[in-house]
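Observations on the model geometry
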Amino acid sequence: MRGGPSQLALLPQDLRLVIPGPLRPWQSETLRLLGVAPERLEVYDPTTTMLRCERTLLMSHLRCYYAMSSLANIGFERLRATVTGPDGTAAARRRLFVVRTARAQDRQSLLNGDAVRALCLERGFEILEPGSLPVVEQIRRFSEADWIVGEQGSALHNAVFAPRGARVLCLH
């Protein structure tokens, strides 16, 4: 059986999903948005727990290096439609300058980050730190964006929720 995030909710209701934990709040929220009830989850600690399963369904990775499985797009579209409505579009158009948390900035930062930030503000971009928002709000804001600018890294991952034709500038 082949499947992706959007098909998790379509699996037989007696099938439990085994997931290494503990789950972070954003992971629980994403599973809920995909229609997976918490009682279907079997969260375990892979460092201390050995599992024995009567029946197993193994999902492959949704990405390998920089290539994304087409199955992932189905899940992203479902998440966007769950948040923004069936057509998956939003009326407002945002210009986002995406920043990462202070901890992530310590590891990797643009040499001229302050100048880039100032330039984006002058041009009407709003500063957005995705990690500070609930998953639903992250999806909503990125689905309303027609311009997204940010430094390479996880803060830009939500660009998958941007509408077709949105421009994404990834800075190195």
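Throughout, a residue's number is its position along its own chain's written sequence, starting from 1. The predicted origin of the model limits local features to residues at a pLDDT of at least 70 and limits the giving and counting of side-chain atom pairs to 80 or more, whereas totals for whole chains, interfaces and linings rest on all residues. Calculated side-chain values reflect all of the structure's heavy atoms, with hydrogen atoms and water omitted.

1. Structural notes on the pairing of strand β7 (residues 145-151)
Summary of the burial criterion: residues with accessible area below 20% of their type's maximum are buried, those above 50% are exposed, and those between are partly exposed, where the area comes from a 1.4 Å probe applied to protein chains only. Secondary structure elements are taken from DSSP: a helix is a run of H or I of four residues or more, a strand is a run of E of two residues or more, and numbering for both begins at the N terminus. Counted residue by residue, β7 has five buried out of seven residues, so it is predominantly covered. Strand pairing is assigned whenever DSSP detects at least two bridges linking the two strands. With five bridges connecting them, strand β5 (residues 94-98) and β7 associate as parallel partners. Residue phenylalanine 97 lies in a different strand from β7, and its bridge partner there is valine 149. Summarising the sheet, β7 and strand β8 (residues 167-171) pair through five bridges and their orientation is parallel.

2. Here's the deal with the nonpolar core
Throughout this description, the term nonpolar core refers to a set of buried Ala, Val, Leu, Ile, Met, Phe, Trp, Tyr and Cys residues connected via side-chain atoms within 4.5 Å. Core analysis: the biggest nonpolar cluster contains 19 residues, and Leu33, Leu79, Leu96, Val98, Ile139, Phe142 and Ile148 have the highest contact counts within it. For this core, the elements supplying multiple residues, two or more each, are α2 (70-84), β5, α5 (135-143) and β7. If sequence neighbours within four positions are ignored, valine 98 has contacts with Leu128, Pro130, Phe142, Ile148, Val149, Gly150, Glu151, Ala155 and Leu156. In terms of nonpolar packing, the next biggest core, distinct from the first, is built from eight residues, Val116, Cys120, Phe125 and Val149 among them. When checking whether two residues touch, look at their non-hydrogen atoms; a contact exists if any pair is within 4.5 Å.

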